[in-house]
Amino acid sequence: MQRRFECGSIVGQLEWVRAGHTVGILHDCIARRHPELRRLLPGTSFVQSYWLIPHPDTHDFRHVMEVQRQVATTVRTARSGFVVAPSG
């Protein structure tokens, strides 16, 4: 029987891995908080990009703009916890 797991939630992926159901690609900043997890491929890294793009119909909503501002501020503050890939 072939099994497949797809989840867009990092928390869902983390809990799936912690429960022993599979191996996963987890962010270091998340995985290092769980000493029971083991790195399987030391020296291997992945690059992911994230975009925060609200639906055009919501661009002018004050609460949407505030969430965008808060996320951007939080990421800038926590930037040292992320590895930035060289551009090019």
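Check the entry above for the structure.
Reading the values: rules and limits
- Residues numbered from 1 in each chain as written.
- Predicted model: local features only at pLDDT ≥ 70, side-chain atom pairs only at ≥ 80, totals over all residues.
- Heavy atoms only, no water.
- Helix = DSSP H or I, 4+ residues; strand = E, 2+ residues; numbered from the N terminus.
- Buried < 20%, exposed > 50% of the residue type's maximum accessible area, 1.4 Å probe, protein only.
- Contact = heavy atoms within 4.5 Å.
- Areas by Shrake-Rupley, 256 points an atom, 1.4 Å probe, with all protein chains shown as cover.
- Patch = residues over 30% accessible without salt bridge, like charges linked within 9 Å, V, L, I, M, F, W, Y side chains within 5 Å.
- Salt bridge = Lys/Arg side-chain N within 4 Å of Asp/Glu carboxyl O.

### Details of the overall build of the chain
Consideration 1: Looking only at helices and strands, the chain has three helices and zero strands in total.
Consideration 2: Buried positions account for 9% of the 88 residues belonging to the chain.
Consideration 3: When contacts within the chain are restricted to residue pairs at least 6 apart in sequence, those whose partners lie at least 24 apart make up 6%.
Consideration 4: Carbon and sulfur atoms make up 57% of the accessible area of the chain, which amounts to about 8,300 Å² in all.

### Section: a nonpolar patch on the surface
Consideration 1: On the surface, L52, V67, V71 and V75 cluster together to form a nonpolar patch covering roughly 310 Å² of accessible area.
Consideration 2: Residue position: L52 is located in the loop between α2 (28-31) and α3 (62-77).
Consideration 3: By relative accessible area, L52 is classed as partly exposed at 47%.

Keep in mind these values describe shape, not function.
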